[in-house]
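Structure at a glance
If you want the building blocks of each chain, they are given just below.
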Amino acid sequence: MNPHEPLRVAVIGTGRMGADHVRRIDRVISGARVTAVVDIDAGRAQALAADIEGCTAHTDPAAAMAAADVDAVVVASPGPAHEAALLTAFAHDLPVLCEKPLTPDAASALRLMEAEQALGHRRVQVGFMRRYDAEYVRLKALLESGQLGRPLMLHNRHRNVASPPFFTSSMLISDSVSHDVDATRWLLGHEISAVTVLRPTASAGAPEGLTDPQFVVLETDGGAISDVEIFVNCGFGYQVQAEVVCERGTARIGDGRALVTHMAGRWGGTITQDWTDRFAQAYDDEVQTWVDTTRRGEVTGPSTWDGYAAAAVCEAGVRALEDGGRVAVDLVEKPALYR
Ligand SMILES: NC(=O)C1=CN([C@@H]2O[C@H](COP(=O)(O)OP(=O)(O)OC[C@H]3O[C@@H](n4cnc5c(N)ncnc54)[C@H](O)[C@@H]3O)[C@@H](O)[C@H]2O)C=CC1
Ligand SMILES: O=C1[C@@H](O)[C@H](O)[C@@H](O)[C@H](O)[C@H]1O
């Protein structure tokens, strides 16, 4: 990689997130260009590549990563395909921005952590974009300032308009709550030690058989409790809110009240409808940070350890959902590479 030239990026998986990252790299951020797109759906990759000068379309991630004009990789295929893509990237020692979840289970995340340690340096930034959202960043800074005292409780609300047809009850945890798990660990600086999942009456708006909503209780090794309302068929909007309760005060983000209008005898605002809208600034900053640090030869942001910890907590959460009761989270010792 020539640090004076734009970073040449291969994007693997060109569905909703992958196509959005291609657009972002091509038109929004600086310092990078998309030189390859990969999708098992050849037509989808070709349609995207056709609009970008010097971009080739592939169906095989390994072929794209072996190309001479690729310096770095964005992985935006579905979670179960991430392990194979990352191991191939490691074989070429390529830096990777990998969409969440790192992998859908703790065992595969552990294998990736071992493979990255064998390289001897970090290669992966995991796409937990809330860490780049301006509101979350302010909340984290406030907590770190110590003004509010020790955090005791964190209340998270995570609502989607509607779930996709392939969504299962366990995916509310492994796919959606994985963000709240990472946000909890990052905001509080604690590891999560146990998970309990409560099931209110399923909403009539949820597909038949889907346990939606769910109420997830996370206990941390720092003595805090973080609860997550996950409701993926709320019907009315995309909402991600967090309120932290500390010894000397509370702080709350995600109310979406940046613009309040008064007209025609009413006042109010709008509710975002999906993540691409609510977190647009966060994705832009996440990818720009990845490009900038990669060009400097650095790796920052959520690590393979963070991806592993989230996968282990979510795995415990899925067991708690299926079996009931409280499930302890058993993390391996944190390797030196991630300390
Ligand atoms: N950070 C965030 O807020 C969000 C992250 N995601 C994550 O992004 C990833 C992709 O999700 P979506 O774009 O919503 O899915 P999607 O279903 O819209 O797109 C996935 C694409 O990957 C392709 N694909 C499947 N297997 C592949 C393989 N082995 N190699 C190459 N391409 C393959 C599919 O043909 C499809 O075009 C997932 O990990 C998901 O969890 C999704 C939504 C929001
Ligand atoms: O990552 C995401 C989706 O995969 C997930 O399904 C949604 O629930 C999240 O809100 C979104 O950010």
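Every value quoted in this text rests on a predicted model; they were computed, and no experiment measured them. (Residues numbered from 1 in each chain as written. Chains lettered and ligands numbered in written order. Predicted model: local features only at pLDDT ≥ 70, side-chain atom pairs only at ≥ 80, totals over all residues.)

1. Looking at the overall build of the chain
- Helix and strand counts for the chain stand at 10 helices and 15 strands.
- Computed over C-alpha atoms, the radius of gyration of the chain comes to 20 Å, within 12% of the 20 Å expected from 2.2 N^0.38 for 339 residues, which places it in the range of a compact globule.
- Projected onto its principal axes, the C-alpha positions of the chain cover 55 × 55 × 45 Å.
- The proportion of buried residues among the 339 residues of the chain is 44%.
- Taking all contacts inside the chain whose residues are at least 6 apart in sequence as the whole, residues at least 24 apart take part in 70%. (Helix = DSSP H or I, 4+ residues; strand = E, 2+ residues; numbered from the N terminus. Rg over C-alpha atoms; globule rule 2.2 N^0.38 Å. Buried ≥ 20, exposed ≤ 12 C-beta atoms within 10 Å, placed from the backbone. Contact = placed C-beta atoms within 7 Å.)

2. Considering the sheet that holds strand β10 (residues 225–231)
- The seven strands lie next to each other as β12-β11-β7-β10-β9-β8-β15, forming an open sheet whose pairing is mixed. Edge positions in the sheet fall to β12 (250–253) and β15 (326–328), since each has one partner strand and no second. Taken pair by pair, the neighbouring strands of this sheet meet at an average axis angle of 15°, ignoring direction.
- Bridge count between strand β7 (residues 151–159) and β10: seven bridges; the pairing is parallel. (Pairing = 2+ DSSP bridges. Axes fitted to C-alpha atoms, helices over the stretch in contact; angles between N-to-C directions.)

3. What to know about the site of ligand 2
- Within the structure, ligand 2 sits among Asn-160, Asp-175, Ser-176, His-179, Val-232 and Trp-275.
- With three residues, helix α7 (residues 171–188) is the single largest residue contributor to the shell around ligand 2.
- Looking at the shell around ligand 2 residue by residue, the class counts come to two nonpolar, three polar and one charged. (Near = placed C-beta within 6 Å. Nonpolar A, V, L, I, M, F, W, Y, C, P; charged D, E, K, R; others polar.)

4. Here we look at the nonpolar core
- Val-9, Ala-10, Val-37, Val-73, Val-195 and Val-313 are the most contacted members of the largest nonpolar core, which totals 77 residues.
- Of all the elements, helix α10 (residues 304–323) adds the most residues to this core, at 12 residues.
- Two domains each provide a minimum of three residues to this core, namely domain 1 (7–130 + 281–303) and domain 2 (147–275 + 310–332).
- Leaving out residues up to four positions away in the same chain, Val-37 has contacts with Val-11, Thr-14, Val-22, Ala-45, Leu-48, Ala-49, Cys-55 and Ala-57.
- Grouped together as the second largest cluster of nonpolar side chains are 10 residues, Leu-139, Ala-183, Leu-187 and Val-244 included. (Core = buried A, V, L, I, M, F, W, Y, C linked by C-beta atoms within 7 Å. Domains from an automatic or database assignment.)

5. Focus on the domain arrangement of the chain
- Taken domain by domain, the chain holds domain 1 (7–130 + 281–303) and domain 2 (147–275 + 310–332).
- The distance between the C-alpha centroids of domain 1 and domain 2 comes to 27 Å.
- Taken together, the contact between domain 1 and domain 2 spans 12 residues of the former and 11 residues of the latter.
- When its residues are assigned to classes, the side of domain 1 that touches domain 2 shows eight nonpolar, one polar and three charged.

6. Remarks on the environment of Ala-91
- Looking at the secondary structure, you find Ala-91 in helix α4 (residues 82–91).
- A tally of 13 C-beta atoms within 10 Å means that Ala-91 is categorised as partly exposed.
- A sequence separation of 184 residues divides Ala-91 from Trp-275, and the C-alpha atoms of the two residues are 32 Å apart.

7. Structural notes on the site of ligand 1
- As a matter of local geometry, ligand 1 sits amid 24 residues, with Gly-13, Gly-15, Met-17, Ala-81 and Glu-99 nearest to it.
- The element contributing the most residues to the shell around ligand 1 is helix α1 (residues 16–28), with three residues.

8. Things to note about unusual backbone geometry
- A cis geometry characterises the amide bond from Lys-100 onward to Pro-101, with omega recorded as -15°.
- For Pro-101, the location among the structural elements is in the loop between β5 (96–99) and α5 (106–119).
- In this structure, the amide linkage connecting Asp-212 to the following residue, Pro-213, adopts the cis form with an omega of 5°.
- Along the chain, Pro-213 turns up in the loop between β8 (192–198) and β9 (214–220).
- Phi is positive for Asp-93, which is not a glycine, with a value near 55°.
- Mapped onto the secondary structure, Asp-93 falls in the loop between α4 and β5.
- For Asp-93, a count of 9 C-beta atoms within 10 Å gives the class exposed.

9. Description of the sheet that holds strand β1 (residues 7–12)
- With respect to topology, six strands assemble into an open sheet ordered β3-β2-β1-β4-β5-β6, the strand pairing being parallel. Edge positions in the sheet fall to β3 (56–58) and β6 (124–127), since each of these pairs with one other strand and no more. Within the sheet, the average angular offset between the axes of one strand and its neighbour, ignoring direction, is 25°.
- The sheet contact formed by β1 and strand β4 (residues 72–75) spans four bridges and is parallel.

10. Points about the packing of α1 against helix α9 (residues 280–295)
- Where α1 meets α9, the closest approach of the two axes is 11 Å, and the angle between their N-to-C directions is 70°. Considered as vectors, α1 and α9 are oriented roughly perpendicular to each other. Residues His-21, Arg-24, Ile-25 and Val-28 of α1 touch α9, and the partners they reach there are Tyr-283, Asp-284 and Val-287.
- Residue classes in the contact of α1 with α9 are distributed as four nonpolar, one polar and two charged. (Parallel < 35°, antiparallel > 145°, perpendicular 65-115°, else oblique.)

11. Some thoughts on the environment of Leu-86
- Tracing the backbone shows Leu-86 in helix α4.
- With 30 residues separating them in the primary sequence, Leu-86 and Glu-116 have C-alpha atoms 9.4 Å apart.
- Leave out the neighbours within four places in its chain, and Leu-86 touches Val-75, Val-96, Cys-98, Leu-112 and Val-124.

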